[in-house]
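Structural description and commentary
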Amino acid sequence: MLAYQDVVTAHQRIRKYIHKTPVVTCRALDDLVGYQVSLKVEGLQRGGSFKVRGSTNAALTLSEEERKRGIISHSSGNHAQGVALAAQTVGSTALIVMPSDAPIPKREAVLGYGGEIYPYDRRSGDRAAIAYKLADETGRVMLPPFDDERIMAGQGTVALEFLDQVSALDAILVPIGGGGLISGCATVIKHLKPACRVFGIEPEAADDARQSLEKGERVTIAEPDTIADGLRPHSLGVKPFEVIRERVDQILTVTDVAIARALLFLFQRAKLVVEPSGCVGVAALMSGAVPMPASSKIGVVLSGGNLDPALMPLFLRIAEEGADRP
């Protein structure tokens, strides 16, 4: 199982290739939710999200022969950008299997970082199966989005930095899709701050992690319908799940209405551009879903800032139409 030292080693390996992202506060948010909230802004990371941490860590472990063969992965956008950047870092090339309806800014960024895109229809295709088939055909090396301890260790450097910047935390809220980020973060938190509670946050419509933790086994769901496009995996990774059931205290879910409201609040009041997947922790706070005493010190990972401006009218409509919902 992933160990704390794996994350420390990953940080030593990648730190000259990544940004140490800032932690900010927002008094308006504190007053609204009744907590002392610290926000780790991974949208200011290279590639606009935390994903470059794991992909860079994994890419730096590849042999020269593997780098020459090239890298392949599958992603709805943020991991795709991270892999494209990691390939640049190690002098390799990247081919990414991406859904054809992935946000335009994410697709454009992958191409801008020198990556190549292989599009597929997320409603009828299995992106992992497509990517592994292409890997066999092309000889490229697979860097999966989350089910790899090198990826998990790299993502855990978010928490390593966070605790260096804010030492006193009673709880941390981490978005959960395939589980790479939260498994790495939970490994760090439970080693350095065992009393700090670790909450995974996912969309209500994509609650495979909640179901998995409750049942004690990985649950697979159908293609979820949620605005949080980065939190749509059908199931947790095998390796992340091993860590999650040992080190994550609870999985909380939030509606798309709550996510849209959090996105708009962060934009208007905190002046932060955060994509829907990165807003779920603040959505949980604003909707009263976090079971912590008043005035607790809460850390929130804002996992990415790759927001498609063309979708802002949709988010506004969702937030407004849900005004009368609980």
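- With an unreviewed UniProt entry as reference, the protein is termed Threonine/serine dehydratase, source organism Eiseniibacteriota bacterium.
- In its Sequence similarities (unreviewed entry) section, the UniProt record describing the protein reads: "Belongs to the serine/threonine dehydratase family."
- Among the UniProt annotations of the protein, the heading Cofactor (unreviewed entry) holds the following wording: "pyridoxal 5'-phosphate".

**Side note on the sheet that holds strand E10 (residues 297-302)**
- One open sheet holds the 6 strands; their spatial order is E1-E2-E10-E7-E8-E9, and the pairing between them is mixed. Bordering the open sheet on either side are strand E1 (23-24) and strand E9 (250-254), each of which pairs with just one other strand.
- Seen against the sheet, helix H12 (residues 256-268) touches strand E2 (36-41), strand E8 (197-203), E9 and E10 and runs at an angle of roughly 85° to E9.

**Details of the nonpolar core**
- Formed by 44 residues in total, the largest nonpolar core has its most connected members in Leu39, Leu285, Val290, Val300 and Leu302.
- With 9 residues, the single largest contributor to this core is H12.
- Apart from residues lying up to four places away in sequence, Leu39 is in contact with Pro22, Val23, Val24, Leu29, Leu266, Leu272, Val282, Val300 and Leu302.
- Among the nonpolar cores identified, the runner-up in size contains 28 residues, and Leu160, Leu181, Ala186 and Leu236 belong to it.

**Notes on the environment of Gly70**
- By the element assignment, Gly70 lies in the loop between helix H4 (64-69) and strand E3 (71-74).
- Overall, Gly70 belongs to the buried group, its relative accessible area being 0%.
- For the pair Gly70 and Thr138, spaced 68 residues apart in sequence, the C-alpha separation works out to 8.8 Å.
- Not counting residues within four places of it along the chain, the set of residues in contact with Gly70 comprises Ser92, Thr93, Arg140 and Val141.

Parameters and conventions
- For every chain, the first residue of the written sequence is number 1, and numbering continues from 1 onward in sequence order.
- The model is predicted, so local features are restricted to residues of pLDDT at least 70 and side-chain atom pairs to those at 80 or more, both for listing and for counting; the totals for chains, interfaces and linings are taken over all residues.
- Side-chain calculation: all heavy atoms of the structure are included, whereas hydrogens and water are not.
- UniProt positions are given in the numbering used here, feature names are shortened, and annotations may be inferred rather than shown by experiment.
- For two strands to be treated as a pair, DSSP must find at least two bridges joining them.
- A run of DSSP states H or I qualifies as a helix once it reaches four residues; a run of E qualifies as a strand once it reaches two. Both are numbered from the N-terminal end.
- It only takes one pair of heavy atoms within 4.5 Å for two residues to be counted as in contact.
- Where helices are involved, their axes are fitted lines through C-alpha atoms of the stretch in contact, as for all axes, and angles between N-to-C directions lie from 0 to 180°.
- Throughout this description, the term nonpolar core refers to a set of buried Ala, Val, Leu, Ile, Met, Phe, Trp, Tyr and Cys residues connected via side-chain atoms within 4.5 Å.
- Burial here depends on accessible area, computed with a 1.4 Å probe over protein chains only, as a share of the maximum for the residue type. Under 20% is buried, over 50% is exposed, and the range in between is partly exposed.

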